Amino acid sequence: MKQINVAMVAHDNKKAEMIEWVKTHQDKFKTFNLFGTGTTGRLIEEAIGQKVHRYLSGPLGGDQQIGAAISQGEINMLIFFWDPLESLPHDPDIKALLRLAAVWNIPLACTVSSADLMIHSTLLQDTSYEIKQPDYSQYTSRKTPAEQS
Ligand SMILES: O=C(CO)COP(=O)(O)O
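Treat the numbers as computed from the prediction; the structure is a model and nothing was measured.

A.B. asks: Help me out: how do you make sense of the layout of surface pockets in this one?
C.D. replies: The gaps left among the atoms become clear once a water-sized probe is rolled over them. Here the largest pocket defines a volume of roughly 330 Å³. Along the wall of the largest pocket there are 17 residues; nearest its centre are Met1, Gly73, Asn76, Ile131 and Gln133. Grouping the constituent residues of the lining of the largest pocket by class yields seven nonpolar, six polar and four charged. Roughly 180 Å³ of volume is contained in the second largest pocket. In terms of lining, the second largest pocket is formed by 15 residues, of which the most central are Ala10, His11, Asp12, Lys15 and Pro59. Of all the secondary structure elements, the ones that give two or more residues to the lining of the second largest pocket are strand S1 (5–10) and helix H3 (38–48). Take the lining of the second largest pocket: its biggest share by element is three residues, from H3. Class assignment for the residues of the lining of the second largest pocket results in four nonpolar, eight polar and three charged.

Dropping the structure here:
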């Protein structure tokens, strides 16, 4: 991949896991541009001393901002340690973010083990590897029911 713009997001019960994981892989991160929701981003910055572009805190709109950045091609990898044991006030935003990662086919890791496998992928260093952009032209040029009559 030519440029890796990775967004990092962790719910409160997962932040310790995220920080430990980030510290373990901080050497690899030196070549990445880091983004994150507000609190996660601050903690990562403090932990490894690397600049993190911080969006708003998740419950204040940060998940939605990251989803928009993915849709605009500004973020091409997401590491999101979401909490499977707690429902949160911004659950719709969380679902929306996970959905947009799937819509735009970006690499997405929601567990430490999947993040481990992702960060060790040889494709990260392969500059000829490009994420396949889904073709939504049929969808965007479809005739809506109103246009068919
Ligand atoms: O709630 C979050 C993601 O859904 C994370 O937000 P913070 O990193 O601001 O705590």
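A.B. asks: Would you mind going over the pattern of salt bridges with me for this structure?
C.D. replies: Charged atoms that come close allow side chains of opposite charge to pair. As enumerated under the stated definition, the model contains seven salt bridges in all. Notably, a salt bridge pairs Glu45 with Lys51, separated by 3.9 Å at the nearest N-O pair. Judged by relative accessible area, Lys51 falls into the exposed class, the value being 64%. Look at the salt bridges and you will find they share partners, linking Glu45, Lys51 and Arg54 into a network.

A.B. asks: Sorry, what's going on with the side chain of Asp93 here?
C.D. replies: Checked against the element boundaries, Asp93 lands in helix H5 (residues 91–103). In terms of polar contacts, Asp93 uses its side chain to reach the side chain of Gln64, at 3.3 Å. Residues within four places of Asp93 in sequence aside, it is in contact with Gly58, Asp63 and Gln64.

A.B. asks: Where do I start with the side chain of Thr40 in this structure?
C.D. replies: Inspection of the secondary structure puts Thr40 in helix H3. Residue class for Thr40 comes out buried when judged on its relative accessible area of 3%. Residue contacts for Thr40: discarding those within four places in its chain leaves Met8, Val9, Ala10, Lys15 and Met18.

A.B. asks: What's the story with the nonpolar core in this structure? I'm lost.
C.D. replies: Among soluble globular proteins, nonpolar side chains are generally buried collectively. Of all hydrophobic cores here, the largest spans 24 residues; its most connected members are Met8, Trp21, Phe29, Ile44 and Ile79. Elements with a minimum of two residues in this core: S1, helix H1 (15–24), H3, strand S4 (77–81) and helix H6 (112–119). Counting residues per element, this core draws most heavily on H1, which supplies four residues. Dropping the residues within four chain positions of it, Phe29 is found in contact with Met8, Trp21, Val22, Leu34, Ile48, Gln50 and Ile119. Judged by nonpolar contacts, the second largest core, of 14 residues, contains Val9, Phe35, Ala69 and Phe80.

A.B. asks: So what exactly am I meant to see when it comes to the site of the ligand here?
C.D. replies: Around the ligand there are 16 residues in total, and Lys15, Thr37, Thr40, Ser57 and Asp63 lie nearest to it. Between the ligand and the protein, one listed contact pairs an oxygen atom with a side-chain N or O atom of His11 at 2.7 Å. Relative to its unbound accessible surface of 300 Å², the ligand loses 96% to contact with the protein. With respect to the detected pockets, the ligand is housed in the second largest pocket. Contributing elements (two or more residues each) for the shell around the ligand: S1 and H3. Tallying contributions element by element places H3 first for the shell around the ligand, with three residues.

Cut-offs and rules
Residues numbered from 1 in each chain as written. Predicted model: local features only at pLDDT ≥ 70, side-chain atom pairs only at ≥ 80, totals over all residues. Heavy atoms only, no water. 1 Å grid on protein atoms, 1.4 Å probe; cavity = no way out; pocket = protein on both sides within 12 Å on 5 of 7 lines; lining within 4 Å. Points joined across faces, edges and corners; volume = space filled by probe spheres on them. Nonpolar A, V, L, I, M, F, W, Y, C, P; charged D, E, K, R; others polar. Helix = DSSP H or I, 4+ residues; strand = E, 2+ residues; numbered from the N terminus. Salt bridge = Lys/Arg side-chain N within 4 Å of Asp/Glu carboxyl O. Buried < 20%, exposed > 50% of the residue type's maximum accessible area, 1.4 Å probe, protein only. Polar contact = N/O pair within 3.5 Å; in protein donor to acceptor, adjacent residues only side chain to side chain. Contact = heavy atoms within 4.5 Å. Core = buried A, V, L, I, M, F, W, Y, C linked by side-chain atoms within 4.5 Å. Near = heavy atom within 4 Å. Areas by Shrake-Rupley, 256 points an atom, 1.4 Å probe, with all protein chains shown as cover. Sits in = over half its atoms within 2 Å of the grid points.

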